[in-house]
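This is what each chain is made of:
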Amino acid sequence: DLLDTVEEYCTKIEQNQARLKEIERLSVEVRRLVEEAKDRAKETSAIIEALAGETSFSLTVMRKQLEQAEAILNKADSMDEFDYLQAEGPAKEVHQMFDGLLAAVDEIRAQIEKHRELPARIKAKEEELRQVVGREQLLLVDADPFAILKAAEAEVPRLGALIEAGDSKEAKACVDG
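Residues numbered from 1 in each chain as written. Predicted model: local features only at pLDDT ≥ 70, side-chain atom pairs only at ≥ 80, totals over all residues. Heavy atoms only, no water.

Chemist: Sorry if this is basic, but what is going on with the nonpolar core here?
Modeler: Ile48, Leu51, Leu59, Met62, Val94, Phe98 and Ile163 are the most contacted members of the largest nonpolar core, which totals 39 residues. Counting residues per element, this core draws most heavily on helix 3 (residues 84-136), at 14 residues. With residues near it in sequence (within four places) discarded, Val94 still touches Ala37, Ala69, Ile72 and Leu73. (Core = buried A, V, L, I, M, F, W, Y, C linked by side-chain atoms within 4.5 Å. Buried < 20%, exposed > 50% of the residue type's maximum accessible area, 1.4 Å probe, protein only. Helix = DSSP H or I, 4+ residues; strand = E, 2+ residues; numbered from the N terminus. Contact = heavy atoms within 4.5 Å.)

Chemist: Help me understand the side chain of Arg40, please; the structure alone is not making it clear to me.
Modeler: Within the secondary structure layout, Arg40 lies in helix 1 (residues 2-55). Within the structure, Arg40 has its side chain in polar contact with the side chain of His95 (distance 3.2 Å). (Polar contact = N/O pair within 3.5 Å; in protein donor to acceptor, adjacent residues only side chain to side chain.)

Chemist: How should the pattern of salt bridges be read in this particular structure?
Modeler: Any two side chains of opposite charge can pair, so long as their charged atoms come close to each other. Using the criterion set out here, one finds 21 salt bridges in the structure. Here Lys150 makes a salt bridge to Glu126, at a shortest N to O gap of 4.0 Å. Within this pair, whereas Lys150 is found in helix 4 (residues 145-165), its partner Glu126 is found in helix 3, the two being separated by 24 residues in sequence. With a relative accessible area of 45%, Lys150 lands in the partly exposed category. Of the charged contacts in the structure, one is a salt bridge between Asp176 and Lys172, with a shortest N-O distance of 3.0 Å. Here Asp176 pairs with Lys172, and both are found in helix 5 (residues 168-176), just four residues apart, close to one helical turn. One network of salt bridges, with partners in common, ties together Lys123, Glu126, Arg130, Lys150 and Glu153. (Salt bridge = Lys/Arg side-chain N within 4 Å of Asp/Glu carboxyl O.)

Chemist: Would you explain helix 2 (residues 60-79) in this entry?
Modeler: Note on helix geometry: an α-helix contains 3.6 residues per turn, so any two residues three or four positions apart are oriented the same way. With 20 residues, helix 2 should cover 28 Å at 1.5 Å per step; its first-to-last C-alpha distance of 29 Å lies within 8% of that length. Within helix 2, burial applies to Met62, Leu66, Ala69, Ile72, Leu73, Ala76 and Met79. All buried residues of helix 2 project into a common sector of 145 degrees when viewed along the axis, lining one side. Among the exposed residues of helix 2, those oriented more than 90 degrees off its buried face are Lys64, Glu67 and Asn74. Buried positions along helix 2 lie against helix 1, helix 3 and helix 4. (Expected span 1.5 Å × (residues − 1). Arc of directions from axis to C-beta.)

Chemist: Would you take a moment to explain the layout of surface pockets for this structure?
Modeler: Where empty space is left becomes clear once a probe the size of a water molecule has been rolled over the atoms. Here the largest pocket defines a volume of roughly 350 Å³. Considering the residues around the largest pocket, the lining is formed by Lys114, Leu118, Arg121, Ile122, Lys125, Leu149, Ala152, Glu155, Leu159, Cys174, Val175 and Gly177. Listed by contribution, the elements that provide at least two residues to the lining of the largest pocket are helix 3, helix 4 and helix 5. For the lining of the largest pocket, the element with the most residues is helix 3, which contributes five residues. Here the second largest pocket is characterised by a volume of approximately 200 Å³. Taken together, Gln65, Gln68, Met97, Gly100, Leu101, Ala104, Asp167, Ser168 and Lys169 make up the full set of residues lining the second largest pocket. Within the residue set of the lining of the second largest pocket, elements represented by two or more residues are helix 2, helix 3 and helix 5. Per element, the largest residue contribution to the lining of the second largest pocket is four residues, and it comes from helix 3. (1 Å grid on protein atoms, 1.4 Å probe; cavity = no way out; pocket = protein on both sides within 12 Å on 5 of 7 lines; lining within 4 Å. Points joined across faces, edges and corners; volume = space filled by probe spheres on them.)

Below you can see the structure in the form of C-alpha cells.
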C-alpha cells in the first residue's frame, strides 16, 4: 500500500513536470512572438516612412493602423511576463496587422502607378470611342459611354486622395469599381 502511494505521488510529480515544461515552452513561444513583433513594428514603420518620404504623402490611414498595431503590441508585451496565455492572442493579431500593413504598402505602390496612367487611359478610350461613334454613325440613345468615361475621370482626384492617405483598400475599390 505504501508502494502504491509512492508510485501515485511519482506519477503526479511526472504529470506536474510535464505541465510545467509545456507552460515554459508556451511562455517562451509567446515571448518570441512579442519580440519578433517589436522588430516587425520597427521594420514596418520604416517602410511606411520610406514610402511617405518617396511620395510626400501623409499616409494617415496607414500611420493610424500602425499606431493601433503598436498599441496591441504594447498590451501583449506588458502581459507576456505574467500571463502569456492572455498575451498570445494579441501577439498573433499584431503579426497579422503587420502583414496587412506591408501588403497595403505594396498595394499603394501599385495604385500610384495606376493613378498616373489613368487620365491618359481615359483620354485614349474617349478618343477611340469618338472614332467608333463617328465612323459607325452611332446614335447613342440607350446608353452614354461618354458619361461612364466622365464618371471615371471624376474619380481620379478621389483616388489620388485615397492613395495620399494610404487607404489601400478604398483605393483598390475605387480603381476596381
